[in-house]
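Given next are the chains, with one letter for each unit.
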Amino acid sequence: MVTFTDLSHINVKGGDGGAGCMSFRREAYVPKGGPDGGDGGRGGDVTLEADPQLSSLIDFRYKHHFRAERGTHGQGKRMHGRDGADLVLRVPLGTVVRELDPATQKPLYQIADLTRPGERVVVAPGGMGGLGNIHFVTSVRRAPAFAEKGEPAQEHWIELEMKLMADAALVGMPSVGKSSIIARISAARPKIAEYPFTTLVPNLGVARARDGRSFVCADVPGLIQGASEGKGLGHEFLRHIERTALILHVIDVTGGFEGRDAVEDYRTINAELAAYAAELADRPQIVVANKCDMPGTEGAVRALSEAAEADGRPFHAVSAVTGEGIDALVSDTADAVARLRAQAPAPAGEAAEASAQWERRRQQRDRAMSVRREGAHAWRVSGAAIERMVIQTDWDNDEAVAYLQHRLGRTGLDDQLERAGCVPGDEVRILELAFTYEGDHAEPPEGEPDARDGVGGRR
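Residues numbered from 1 in each chain as written. Predicted model: local features only at pLDDT ≥ 70, side-chain atom pairs only at ≥ 80, totals over all residues. Heavy atoms only, no water.

K.L.:
Just checking my understanding: could you explain the overall build of the protein chain for this structure?
P.N.:
Helix and strand content of the protein chain: nine helices and 19 strands. At a minimum sequence separation of 6, the contacts of the protein chain that also span at least 24 residues come to 70%. When the accessible surface of the protein chain is split by element, carbon and sulfur atoms take 50% of a total near 22,200 Å². (Helix = DSSP H or I, 4+ residues; strand = E, 2+ residues; numbered from the N terminus. Contact = heavy atoms within 4.5 Å. Areas by Shrake-Rupley, 256 points an atom, 1.4 Å probe, with all protein chains shown as cover.)

Have a look at this one:
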C-alpha cells in the first residue's frame, strides 16, 4: 500500500562551524614568526530541492530530525578546518516551506515555494567557521592572542506542505464519479467503488485530446458541506485546488444514495470553495453533469445546465461509464487550459535564478536587526548576524572582547539604539550578555579597535 503524505513538520539544523586557531609560528631560525592560526571549517547547510520524481512527503513521515555535518577546527601552520558536507533533502514539486513558531508550532512566515525542477532553498545554514588569529593583525596589534569560536548552527522547525501542481482539478461531492472520469480520460487508475470517500488521496493523470494537446488533471477527494471549516476531508485536500488553473466541477445528476438535488450540490461546493479561499470563487470552472446515461435524469441535467449558464460557466453532460460526452469535455478543457497558459505571466526564471532569489531573502532576514525596550533602562538587540558576533567571541580573552566592541560599532548598532531612545548608562542585552551603552561615537585611531564604541563594557 502506497502512503500519501502532503503535510509534515521537520526539525532541521545546519552543521556547527569549527573554531579558529590561535597559534604562532615556531620554527628554528625564525624568531618571532608571527601568528599562523588557521580558520575553522564552515558547517554544512540543510537544503531542500524540488524533485519532479517525488509525489508525496512520505520520506518525512517517520523521520523528523535532520542534521548537516559540522566543520572541523582550524590548526596551526595556517591549516584551515574542513567544511562540513551539505545535507540535501528532496521534496516534491509544489512544496511550500514555512517557518514554525517553536512554542505553538504555528506557521510564522513563508520561506519558499518550490515549483520548478531542481529549485533549491537553504532552510538551515551551517555555522560560520571562526577566523584564526592571522586575521586580526593590525599595525598596532602585531601578535593577536585570540581567535574566533565557531558559530553554532541554527536549529528550528519548519513546515512542508505539498500542493499538487495540475492544470485542472476534478471537484465535487463524494461518489459523483470523479475517479471514474479521470480513469476514462487518462492512464490513472484510482480506486473506484460505490461508497463515499473511496478516494482518500489525490490522483494525477495526463489527459490527451484527439488533436494531441494534453493537460494534467487532478482527482481530488470528495468535499462536503462544511469542508472549508475542516469537515470531512476538507482542509486536507482543499489546498490542492489552490494551484490548479481550472476547476472541473462534477455533479451526480442522479442525486446519489441520498437523492440530493444537483443544483443544490453545485451551489454547496461553490460556497465551500469561496469560504476556503475567496479567489477560488472566481477561478475558471467547467460544470460537468455526470451519470447522464441514467434514466430520469433529464430534468436534473436541464436545471443544472441553466444554473451553469446563469453563472457564465461552460456545461457538459457526460457519462464516465459509457463515454458519452467525454471527448467533447476533454477538448473543451484542453482549449481552456491553453488559454489560461497563454494568459499566465512569464516564469520568474529558471531553477537557479529562483533558488538565488530565496537565498537573497534568507540573507536579508539574517542581516535584519531589531531593538526593543525591555525595561526603563534596558534594551534587547536581536538579529542573526549581530548574535553571531557575540557567539563567536571568546569572552575569557580581553583582546577578543575589545575586537567585538569595534565590530558592534561598525554595524550601525549605536545609531539604531540612539534612534530607539537609548541613553548613556542604559543596559544593552544581546543573547544572555549585557553591555553598558556609552554613547560616544569618537573614531578610533587607524588600525586600533575602538574601546570607546557606544556599546561598551560587559556585565
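Next, the rest of the story.
K.L.:
How should I be thinking about empty space enclosed by the protein in this particular structure?
P.N.:
Within the structure shown, the criterion is met by one cavity of 30 Å³ or more. Computed from the structure, the largest cavity encloses a volume of approximately 60 Å³. Lining the largest cavity are Phe 146, Ala 147, Glu 148, Met 389, Gln 392, Thr 393, Asp 394, Ala 400, Tyr 403 and Arg 407. A per-element tally of the lining of the largest cavity places helix 8 (residues 398–410) first, with three residues. Within the lining of the largest cavity, the residues separate by chemical class into five nonpolar, two polar and three charged. (1 Å grid on protein atoms, 1.4 Å probe; cavity = no way out; pocket = protein on both sides within 12 Å on 5 of 7 lines; lining within 4 Å. Points joined across faces, edges and corners; volume = space filled by probe spheres on them. Nonpolar A, V, L, I, M, F, W, Y, C, P; charged D, E, K, R; others polar.)

K.L.:
Would you take a moment to explain the sheet that holds strand 3 (residues 65–67) for this structure?
P.N.:
Within a beta sheet, neighbouring strands are joined by backbone hydrogen bonds and run either parallel or antiparallel to one another. Pairing in this open sheet of five strands is mixed, and the strands run 3-1-8-5-6 from one edge to the other. At either end of the open sheet lies a strand with only one pairing partner, and these are strand 3 and strand 6 (107–114). Sheet twist, expressed as the mean angle between neighbouring strand axes with direction ignored, is 30°. Bridge analysis of strand 1 (residues 7–13) against strand 8 (residues 155–162) gives seven bridges, and the strand direction is antiparallel. When the sheet's bridge partners are listed, Leu 7 is paired in strand 8 with Glu 161. (Pairing = 2+ DSSP bridges. Axes fitted to C-alpha atoms, helices over the stretch in contact; angles between N-to-C directions.)

K.L.:
Can you help me understand the sheet that holds strand 7 (residues 120–124) in this one?
P.N.:
Across the sheet, three strands lie side by side as 4-2-7; this open sheet has mixed pairing. Here the strands that pair on one side only, and so sit at the sheet edges, are strand 4 (87–92) and strand 7. The mean angle between the axes of side-by-side strands here comes to 30°, regardless of whether they run parallel or antiparallel. Bridge count between strand 2 (residues 46–51) and strand 4: six bridges; the pairing is parallel. Across the sheet, Glu 49 pairs through a bridge with Arg 90, a residue of strand 4.

K.L.:
Can you walk me through the packing of helix 3 (residues 262–276) against helix 4 (residues 298–310) in this structure?
P.N.:
Packed helices, taken two at a time, are described by their axes: the angle between them and the distance between them. Where helix 3 contacts helix 4, the axes come no closer than 8 Å and their chain directions differ by 35°. Of the residues in helix 4, those in contact with Ala 262, Val 263, Tyr 266 and Arg 267 of helix 3 are Ala 300, Ala 303, Leu 304, Ala 307 and Ala 308. Among the residues making up the contact of helix 3 with helix 4, the classes are represented as eight nonpolar, no polar and one charged.

K.L.:
Before we go on, may I ask you to explain the nonpolar core in this structure?
P.N.:
Across soluble globular proteins, you tend to see nonpolar side chains buried next to one another. In this structure, Ile 181 and Leu 246 are the most contacted members of the largest nonpolar core, which totals 34 residues. Of all the elements in the fold, those that place two or more residues in this core are strand 9 (168–171), helix 1 (178–185), strand 11 (214–219), strand 12 (246–252), helix 3, strand 13 (285–290) and helix 5 (326–343). Per-element tally for this core: the top contributor is helix 5, with seven residues. Those residues in contact with Leu 246 that sit more than four places away from it in its chain are Asp 167, Ala 168, Ala 169, Pro 284, Gln 285, Ile 286, Thr 333, Ala 336, Val 337 and Leu 340. Ala 50, Val 97, Val 121 and Leu 160 belong to the second largest nonpolar core, which has 25 residues in total. (Core = buried A, V, L, I, M, F, W, Y, C linked by side-chain atoms within 4.5 Å. Buried < 20%, exposed > 50% of the residue type's maximum accessible area, 1.4 Å probe, protein only.)

K.L.:
For this particular structure, what's the right way to read the confidence of the model for the protein chain?
P.N.:
The predicted structure's coordinates, where accompanied by low pLDDT, should not be read in detail. The share of residues in the protein chain with pLDDT of 70 or more is 85%, and the mean pLDDT across the chain is 82. Averaged pLDDT values over the elements of the protein chain bottom out at 50 in helix 2 (residues 234–238) and peak at 97 in strand 3. Note that residues 190–200 has pLDDT below 50 and, in this model, 28 contacts with residues that lie over four places away or in other chains. Across residues 442–453 the pLDDT falls below 50, and counting only partners more than four positions away or on other chains, this stretch makes 27 contacts in the model. (pLDDT = per-residue confidence, 0-100.)

K.L.:
How do you make sense of the environment of Ala 400 when you look at a structure like this?
P.N.:
Mapped onto the secondary structure, Ala 400 falls in helix 8. Apart from the residues lying within four places of it in its own chain, the contact partners of Ala 400 are Phe 146, Thr 393 and Asp 394.

K.L.:
I tried to follow the packing of aromatic side chains on my own but got confused; where do I start?
P.N.:
For any two aromatic rings, the description comes down to two numbers: the centre-to-centre distance and the angle of the planes. Applying the stated rule across the entire model yields five aromatic pairs. Relative to Tyr 403, the ring of Phe 136 has its centre 4.8 Å away and its plane inclined at 70°; by these criteria the two rings are edge-to-face. Of the two residues, Phe 136 sits in the loop between strand 7 and strand 8 while Tyr 403 sits in helix 8, which places them 267 residues apart along the sequence. Phe 136 gets classed as buried once you look at its relative accessible area, which sits at 1%. Clustering of aromatic rings is evident, with ring pairs tying together Phe 136, Phe 146 and Tyr 403. (Phe/Tyr/Trp six-rings, centres within 6.5 Å; stacked < 30°, edge-to-face > 60°.)

K.L.:
Looking at this structure, I do not really get unusual backbone geometry. What am I missing?
P.N.:
Trans peptide bonds make up most of the peptide bonds, and negative phi angles are found at most residues other than glycine. Of note in this structure, Lys 77 is not a glycine but carries a positive phi near 65°. Structurally, Lys 77 is set in the loop between strand 3 and strand 4.

K.L.:
Help me understand helix 5, please; the structure alone is not making it clear to me.
P.N.:
For helix 5, built from 18 residues, the straight-helix expectation of 26 Å at 1.5 Å per residue is met to within 8% by its first-to-last C-alpha distance of 26 Å. Taken residue by residue, helix 5 has Ile 326, Leu 329, Val 330, Thr 333, Ala 334, Ala 336, Val 337 and Leu 340 as its buried positions. (Expected span 1.5 Å × (residues − 1).)

K.L.:
How should I be thinking about helix 3 in this particular structure?
P.N.:
Side chains three or four residues apart in an α-helix point the same way, a direct result of the helix having 3.6 residues per turn. In a regular helix each residue adds 1.5 Å, so 15 residues correspond to 21 Å; helix 3 covers 22 Å between its end C-alpha atoms and thus fits that length. For helix 3, the full list of buried residues reads Ala 262, Val 263, Asp 265, Tyr 266, Thr 268, Ile 269, Asn 270, Glu 272 and Leu 273. Backbone nitrogen of Val 263 and a side-chain oxygen of the N-cap are separated by 3.2 Å at the start of helix 3; the cap is Asp 261. (Polar contact = N/O pair within 3.5 Å; in protein donor to acceptor, adjacent residues only side chain to side chain.)

K.L.:
In this structure, what is going on with the pattern of salt bridges? I would like to understand it.
P.N.:
Where charged atoms of side chains with opposite charge meet at close range, the side chains can pair. Using the criterion set out here, one finds 23 salt bridges in the structure. Via salt bridges that share partners, Arg 372, Glu 374, Arg 380, Glu 427 and Arg 429 belong to a single interconnected network. (Salt bridge = Lys/Arg side-chain N within 4 Å of Asp/Glu carboxyl O.)

K.L.:
Would you mind showing me how to read the pairing of strand 17 (residues 427–430) here?
P.N.:
Walk down a regular strand and you will see the side chains alternate between the two sheet faces. Sheet analysis places strand 16 (residues 378–382) next to strand 17, joined by four bridges and oriented parallel. Following the sheet pairing, Arg 380 is matched in strand 17 by Arg 429. As paired elements, strand 17 and strand 18 (residues 433–437) share four bridges and run antiparallel to each other. Each bridged residue has a counterpart across the sheet, and for Val 428 the counterpart in strand 18 is Phe 435.

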